[in-house]
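# Structural features, examined
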Amino acid sequence: MSQDTSKTLLDLAHRYLFQNYARAPLCLVRGEGARVWDTDGREYLDFVGGIAVDALGHSHPKIVGAIREQATALLQVSNLYQIPSQIHLAKLLCDHSFGDRAFFCNSGAEANEAAIKLARKYASQTRSTDCYEIVTMQGAFHGRTYGALSATPNEKYQHGFGPLVPGFKYVPYGDITAAERAVDNRTAAILVEPIQGEGGVNVPPDDYLAGLRRICDASGALLILDEIQTGMGRTGRLWAHQHAGIEPDVMTLAKALASGIPIGAMVAKEFCAGVMVAGTHGTTFGGNPFATTVGVATLTTMLEDKLPDRADRVGSHLMAQLRALAGRLPAIRAVRGKGLLVGIDLDRPAGAVVSACRDRGLLVLTAGDQILRMTPPLVIDDTDADRAVGILEAVLVGAKP
């Protein structure tokens, strides 16, 4: 590709791309660690991280090395054959989680689709063919494919795409009584995020996941945890449900699993995984040699470098600084989250704050109309956190750049 200017690229984007994204007028071309550069050479501190994808930061040498090596060896063969790196990544995930088996696909939405199918298949075989309903939570985000969209009770995402897939019940997030009332003999599963990311970085009460676990144990429903955004060290533990001291039956993953190479995964316990026999589900590209090789390098590096511990430590510092800022500025109504999944509840539209931060060299994103979200690479340090807080403070007090 030629060295196009930002204006040229923006003009071409307007002409040729679907306009289904409200994209910033910013063309990023290079990254290193927690920093990225645009076509004009301007540097930004990246507290978006590809929306919680770039956990190891940009251009991590071990990831670059794995990509280069595998790109010259083998990219795709399909699941007609055994794929060594897929086998190794499955073992790595199971060895470091509750799970016994892993299935690989291409995205978080696909992982949730697989989990929905598994739950219904398991319920139909072990309980009743009339047992297919799945309880999900208001404020959830599980993806944009039809099953995942139907599990996402948000009019903004669902409007105009009906009829949706039937068989979903919606209850308030964090309300264990409402969840208990919703579960009956037709309930195949409860599907929930340990922390709602897109929905506003909503952290449930401490006993919430344990309560859902009890409900599922009593009813026979599967507990499915969507850890697509919260997993892979993001919240200060490898998996966010570890904060609650419980285990799900099924967990879905994506985002940070392969450092930006498209991948999704479903991890499950043996007792329910067994219903997915040959022919019940599949994917052409899922678990290909390229993506799973990078996945192995990503998870191995994360464990070796103890990045969940780093996320816990630096995230605590970041939230302490943000809460101190909230004490000085009424524009911040609350700060919430865990590790390096941080939500800042503002008294004003968050979109304008995102733009103003970008103008000052800080990339952040929203999680609702008035929620600012930070999902930086897990490799940031306290200095990066302090710089981000300083830029946010300047924006909120209206100081000139």
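Quick summary incoming for the structure in this document. (Residues numbered from 1 in each chain as written. Predicted model: local features only at pLDDT ≥ 70, side-chain atom pairs only at ≥ 80, totals over all residues. Heavy atoms only, no water.)

### Focus on the side chain of Thr375
Within the secondary structure, Thr375 sits in the loop between strand 15 (371-374) and helix 14 (382-397). A polar contact of 2.7 Å, which involves the side chain of Thr375, links it to the backbone oxygen of Val48. Beyond its immediate chain neighbours, meaning those up to four positions away, Thr375 contacts Phe47, Val48, Gly49, Ile51, Ala52, Gln229, Arg234, Leu340, Leu341 and Leu365. (Helix = DSSP H or I, 4+ residues; strand = E, 2+ residues; numbered from the N terminus. Polar contact = N/O pair within 3.5 Å; in protein donor to acceptor, adjacent residues only side chain to side chain. Contact = heavy atoms within 4.5 Å.)

### Regarding the pairing of strand 15
Residues Ile371 and Arg373 line one face of strand 15 and the alternating positions Leu372 and Met374 line the opposite face, and both faces are buried. The pairing of strand 12 (residues 341-346) with strand 15 spans four bridges and is antiparallel. Across the sheet, the residue bridging to Asp345 is Ile371, located in strand 15. Sheet analysis places strand 14 (residues 365-366) next to strand 15, joined by two bridges and oriented antiparallel. Bridging from a neighbouring strand, Thr366 pairs with Leu372 of strand 15. (Buried < 20%, exposed > 50% of the residue type's maximum accessible area, 1.4 Å probe, protein only. Pairing = 2+ DSSP bridges.)

### Looking at the sheet that holds strand 12
One open sheet holds the four strands; their spatial order is 11-12-15-14, and the pairing between them is antiparallel. Each edge of the open sheet carries a strand with a single partner, namely strand 11 (332-338) and strand 14. Lying on the sheet, helix 12 (residues 307-328) is in contact with strand 11, strand 12 and strand 15; it crosses strand 11 at an angle near 170°. (Axes fitted to C-alpha atoms, helices over the stretch in contact; angles between N-to-C directions.)

### Structural notes on helix 13 (residues 350-359)
For helix 13, the set of buried residues is Ala350, Val353, Val354, Cys357 and Arg358. Here the buried residues of helix 13 occupy an arc of 140° about the axis, which is enough to place them on one side. Looking at the buried positions of helix 13, the neighbouring elements they touch are strand 3 (43-46), strand 12, strand 13 (362-363), strand 14, strand 15 and helix 14. (Arc of directions from axis to C-beta.)

Limitation: the analysis is restricted to geometry and does not speak to function.
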